Amino acid sequence: MRQYRSLIIGTFLSLIVLIAATFSFVWIPYDIMQLSIPDKLQTPNWDHFLGTDHFGRDILSMIMVGARTSLAVALLAVGIGMGIGVPLGLAAATRRGAFLDEVIMRTNDLIFAFPSLVIAILITALFGAGAMNAIIAIGIFNIPVFARVSRGAALSLWQKEFILAARVSGKSKLRISVEHILPNLTNLLIVQGTIQFSLGILAEAGLSYVGLGAQPPTPSWGRMLADAQTMVSFAPHLALIPGSAIILTVLGLNLMGDGLRDALDPKLRKSRQ
Amino acid sequence: MIKSKKYIAATAIALTAVASTSFAASSDITVAMQLEPPHLDPTSAAAGAIDSVLYSNVFEGLTRFASDGAIIAGLAKSWDISAEGTEYTFHLRAGVQFHDGTGMDAEDVKFSLDRARSEDSTNAQKALFSGITDVAVVDSTTVKVTLDKPNGSFLFNMAWGDAVIVAPESIEGIKNNPVGTGAFKFQNWVQGDRIELARNDNYWGSAPALESATFKFISDPTAAFAAVMAQDVDVFTGFPAPENLPQFEADARFQVLEGSTEGETILSTNNKMPPLDNVKVRKAIAHAIDRQAIIDGAMFGYGTPIGTHFAPHHPDYVDLTGNSQHDPELAKKLLAQAGFPNGFETTLKLPPPSYARRGGEIIASQLRAVGIRAKISNLEWAQWLEQVFRGKDYGLSIVSHTEPMDIGIYARPEYYFQYDNPEFQALMTDLSATTDTAMRSEMLKKAQNIISEDYVNGYLFELAFTTVADAKVQGLWKNSPTQATDLTGVSWLD
């Protein structure tokens, strides 16, 4: 049991966020679209468990709906990265050292070389701020990550006897990639996906903090932090609560990612012990 | 004995030296503000930040604004107006010098006015000079200005920062090295950080108490709060975060001045964009808005509700907030009458200041309550000027119009509200030709009523001018009748 501790803690934290986000579709304590200025800046109390913000909105409700925004942006961004990056990596692996491989991998290197948040800011500044553009910006930077990981793993798989057997039996490289290589990458992609997912949440919070993520009135943890900035000195809970939400979510996902890697890859676990 | 006398004398000198250093330390002031001027020529740019640094300190005009907004004598010590009201003879002060040592005389006045009203002038407020047909030098201290028709606000116009007197000798370098006649000389500009001024010892008026002044530019509200708290700056004019003011008020080290401005904060409405071209729709928006909630929520209580485009502290102001009481039910009814029982969708484009960003969220929520879905987009100033102000590509926006007495913008159909009402335009033409105070007052009141009843824009509140200063600084302007930080009367309390 001890060896799964980080997996358990991580999954527990991530599940809380996931449940809060899902639950927010059905019920939240207060309507966050309805501002109530007279109730503003309350500290946590029995009516508002986490207090209210500068517009009198219930912070617990904001955090729940904000979790939805964070998860949705990160999930879609990882989806883009996997959906494009994995096929690219697999394709590159089929032609090791050939022109196609070079083009794909050098383009990836190029994207990797850019500071991701700065480029994300550039993209949202050019095409307008908004959740959709944030998803695209974060997604683009996930592509090379998945392309690299899947190419590296695929290359070593191509040396395996069962792949050779498949080739001898006359299967095309495409069929082998889809039928034999991809299923063997699943564990790896789950682990990498979890880590990228947590980075995506951080990136979304960062973009929203500078005003380039989800636009008001859609709540977002990053913007809650930005709004709280000038009020920290007299209402610290405005910043502490969304800040803690971001930290706990990212911590949970990272722990879960680590735990999953240990659980799914016995070789690595042994080497760590 | 002789020795000890010498000793005493030496001590006395040393003491004086100590005393004078401590005196010098308190004759210097650091004033912070949010926006940095793009350059330092008040006569060729609309940027109010230029006047915030230079007006009255470095540059002066024929007339000037006093701290209460009254028009008083400036470089002209007096003037005569001809019986028909078209000839103004200004008597200039004798012996006034520019900072470069050249004298200020009638030729400089003629140069400044002719430059401002010429064809190729880049003056941002050319309308101030449009009625001038001739500027004649009578003698070295007398200038005669002829107008095409009587203009009741001519002396007011001449007090603007855009009408200050400049010299032909120094006009070349004015954008980086402004040379004026004011009580302070320009010293140094470290772009992105500060502008330094030093006392002008040849000033014609009473010498200012301060020996030098530094203007610092801090745009970020959080940094502004930190700079004042750490006492890195002595004064912050136009403090950007009203939510922090109660903390300064509670702190004995600081004083908070809450004054009036000429800033009518309005929900700018594109009067040509359907369905906002329908007066019923605009009226519905006006009734959907709860001003007090905006003042409390966005400005933390700082601000005065307005019902028209006019400053509430002006004697001719009419309180028309009753035309647009918060009444969501009436708003829904009006929308239904206008053919939008289920509301409609529009854009709400917001510039960076917190009154706009926060006010926008509040207004969007209030509009949503009556069925109007306003899609918020947050813009930087450059984008706002491009899309909203010049491009007129917007439905709604929030901005504070800080120019004094600017109700005349409603007579300009090409202005970004795109409000085109011939009756109002005729009224404004009549107004500028009227010099009789009582008649002008009537006309101004009528004008306020017209735009209020046409619901041209949503009238929200008059921006408060909040200054945070060290408790020992005295003589600061409390109100802001024009954009200025007049330091000539500022001193330190010992």
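Computed from a predicted structure; not experimentally measured. (Residues numbered from 1 in each chain as written. Chains lettered and ligands numbered in written order. Predicted model: local features only at pLDDT ≥ 70, side-chain atom pairs only at ≥ 80, totals over all residues.)

## Some details on the overall build of chain B
Item 1. Helix and strand counts for chain B come out as 13 helices and 19 strands.
Item 2. Whereas a compact globule of 494 residues would reach a radius of gyration of roughly 23 Å, chain B reaches 25 Å, a difference of no more than 12%.
Item 3. When the backbone C-alpha atoms are referred to their principal axes, chain B occupies close to 100 × 55 × 35 Å.
Item 4. Burial status across chain B gives 44% buried among its 494 residues.
Item 5. Contacts in chain B between residues at least 24 apart in sequence constitute 70% of all its contacts with a sequence separation of at least 6. (Helix = DSSP H or I, 4+ residues; strand = E, 2+ residues; numbered from the N terminus. Rg over C-alpha atoms; globule rule 2.2 N^0.38 Å. Buried ≥ 20, exposed ≤ 12 C-beta atoms within 10 Å, placed from the backbone. Contact = placed C-beta atoms within 7 Å.)

## Things to note about the overall build of chain A
Item 1. On a plain count of helices and strands, chain A comes out with 10 helices and zero strands.
Item 2. Along its sequence from the N terminus, chain A presents helices and strands in the succession α-α-α-α-α-α-α-α-α-α.
Item 3. Over its C-alpha atoms, taken along the principal directions, chain A stretches across nearly 75 × 50 × 30 Å.
Item 4. Counting across all 273 residues of chain A, residues that qualify as buried make up 45%.
Item 5. Restricting to contacts in chain A with at least 6 residues of sequence separation, those with at least 24 account for 71%.

## Quick look at the interface of chain A and chain B
Item 1. Listed as interface residues are 16 residues of chain A and, on the opposing side, 18 residues of chain B.
Item 2. A breakdown of the residues in the side of chain A that touches chain B according to their chemical character gives nine nonpolar, six polar and one charged. (Nonpolar A, V, L, I, M, F, W, Y, C, P; charged D, E, K, R; others polar.)

## Observations concerning the environment of Leu427 of chain B
Residue and element names in this part refer to chain B.
Item 1. Relative to the helices and strands, Leu427 is located in helix 12 (residues 422–432).
Item 2. With 18 C-beta atoms counted inside 10 Å, the residue Leu427 sits in the partly exposed group.
Item 3. When near neighbours in sequence (up to four residues on either side) are disregarded, Leu427 contacts Met443, Lys446 and Ala447.

## What to know about the pairing of strand 14 (residues 345–350) of chain B
All names here are of chain B.
Item 1. Note: strand 14 against strand 15 (residues 373–378), six bridges, orientation parallel. What sits directly across from Thr347, in strand 15, is Lys375.
Item 2. Summarising the sheet, strand 14 and strand 16 (residues 396–401) pair through two bridges and their orientation is parallel. What sits directly across from Lys349, in strand 16, is Ser397. (Pairing = 2+ DSSP bridges.)

## Here's the deal with the packing of helix 8 (residues 291–299) of chain B against helix 10 (residues 354–369) of chain B
Residue and element names in this part refer to chain B.
Item 1. Packing of helix 8 against helix 10 brings their axes to within 9 Å, and their N-to-C directions diverge by 130°. By the criterion of interaxial angle, the relationship of helix 8 to helix 10 is oblique. Seen from above, helix 8 lies across helix 10 with right-handed handedness. In contact with Ala293, Ile294, Gly297, Ala298 and Met299 of helix 8, helix 10 contributes Ser354, Tyr355, Arg358, Gly359, Ile362 and Ile363.
Item 2. Its residues placed into classes, the contact of helix 8 with helix 10 shows seven nonpolar, three polar and one charged. (Axes fitted to C-alpha atoms, helices over the stretch in contact; angles between N-to-C directions. Parallel < 35°, antiparallel > 145°, perpendicular 65-115°, else oblique. Left-handed = near helix turned anticlockwise from the far one by under 90°.)

## Description of the packing of helix 2 (residues 59–94) of chain A against helix 5 (residues 131–158) of chain A
Residue and element names in this part refer to chain A.
Item 1. Between helix 2 and helix 5, whose axes approach to 5 Å, the crossing angle comes to 35°. The element helix 2 and its partner helix 5 pack so that their crossing is right-handed.
Item 2. Of the residues assigned to the contact of helix 2 with helix 5, the class counts are 25 nonpolar, seven polar and two charged.

## Points about the nonpolar core
Item 1. Within the largest apolar cluster, 69 residues are counted, with the highest numbers of intra-cluster contacts made by Ile63, Ala134 and Ile138 of chain A.
Item 2. Of the residues forming this core, the biggest block, 19 residues, is contributed by helix 2 of chain A.
Item 3. Dropping the residues within four chain positions of it, Ile63 of chain A is found in contact with Leu50, Ile241, Pro242 and Ala245 of chain A.
Item 4. Membership of the second largest hydrophobic core comes to 67 residues, among which are Phe90, Ala106, Leu210 and Val233 of chain B. (Core = buried A, V, L, I, M, F, W, Y, C linked by C-beta atoms within 7 Å.)

## Some remarks on the confidence of the model for chain B
Residues and elements named next belong to chain B.
Item 1. Mean pLDDT for chain B: 89, with 95% of residues reaching 70 or above.
Item 2. Ignoring residues within four places in sequence, the model shows residues 1–5, a span with pLDDT below 50, making zero contacts including any to other chains.
Item 3. Taken as a whole, residues 8–25 scores under 50 in pLDDT and shows one contact with residues more than four places along the chain or in a different chain.
Item 4. With a pTM of 0.80, the predicted complex shows an ipTM of 0.79. (pLDDT = per-residue confidence, 0-100.)

## Focus: the sheet that holds strand 4 (residues 76–81) of chain B
The strands making up a sheet associate through hydrogen bonds between their backbones, and the pairing can be parallel or antiparallel.
Residue and element names in this part refer to chain B.
Item 1. Strand order across the open sheet formed by four strands is 4-5-7-6, with antiparallel pairing between neighbours. Two strands lie at the open edges of the sheet, namely strand 4 and strand 6 (132–139), each paired on one side alone. Strand-to-strand twist of the sheet, defined as the mean angle between neighbouring strand axes without regard to direction, takes the value 20°.
Item 2. Pairing geometry for strand 4 and strand 5 (residues 87–92), over five bridges, is antiparallel. What sits directly across from Ala76, in strand 5, is Leu92.
Item 3. Packing of helix 3 (residues 106–117) onto the sheet brings it into contact with strand 5, strand 6 and strand 7 (142–147), and relative to strand 6 it is tilted by some 170°.

## Brief notes about unusual backbone geometry
Item 1. For the bond from Pro216 of chain A to Pro217 of chain A, the omega torsion is 5°, close enough to zero to count as cis.
Item 2. Turning to its location among the elements, Pro217 of chain A is positioned in the loop between helix 7 (173–209) and helix 8 (221–228).
Item 3. With an omega dihedral of 0°, the bond running from Pro274 of chain B to Pro275 of chain B counts as a cis peptide bond.
Item 4. Summarising the element assignment, Pro275 of chain B is placed in the loop between strand 12 (254–269) and helix 7 (279–288).
Item 5. The phi angle at Phe300 of chain B is positive, at roughly 50°, despite the residue not being glycine.
Item 6. Examined against the element boundaries, Phe300 of chain B turns out to sit in the loop between helix 8 and strand 13 (304–305).

## Notes on helix 8 of chain B
Residue and element names in this part refer to chain B.
Item 1. By the criterion of burial, helix 8 is predominantly enclosed, with seven of the nine residues buried.
Item 2. Every buried residue of helix 8 is accounted for by Arg291, Ala293, Ile294, Ile295, Gly297, Ala298 and Met299.
Item 3. Among the structural elements, strand 13, helix 10 and strand 17 (458–470) are those in contact with the buried residues of helix 8.
Item 4. The first or second residue beyond helix 8 is Phe300, which carries a positive phi of 50°.

## A few points about the confidence of the model for chain A
Item 1. Taken over all residues, the pLDDT of chain A has a mean of 88, while the share at 70 or more is 96%.
Item 2. Within chain A, the element-level pLDDT minimum falls on helix 10 (residues 266–272) of chain A, averaging 54, and the maximum on helix 2 of chain A, averaging 93.

## Some remarks on the environment of Asn157 of chain B
Residue and element names in this part refer to chain B.
Item 1. Turning to its location among the elements, Asn157 is positioned in helix 4 (residues 154–157).
Item 2. Residue classification places Asn157 among the buried positions, given that 22 C-beta atoms sit within 10 Å.
Item 3. Sequence spacing of Asn157 and Leu62 is 95 residues, and the spatial spacing of their C-alpha atoms is 10.0 Å.
Item 4. Once residues lying within four places of it in the same chain are set aside, the contact partners of Asn157 are Leu128 and Ala163.

## Digging into the environment of Phe344 of chain B
Item 1. Position of Phe344 of chain B among the secondary structure elements: in the loop between helix 9 (328–337) and strand 14.
Item 2. In this structure, Phe344 of chain B is in contact with Pro275 and Ile372 of chain B, ignoring residues within four places of it in sequence.

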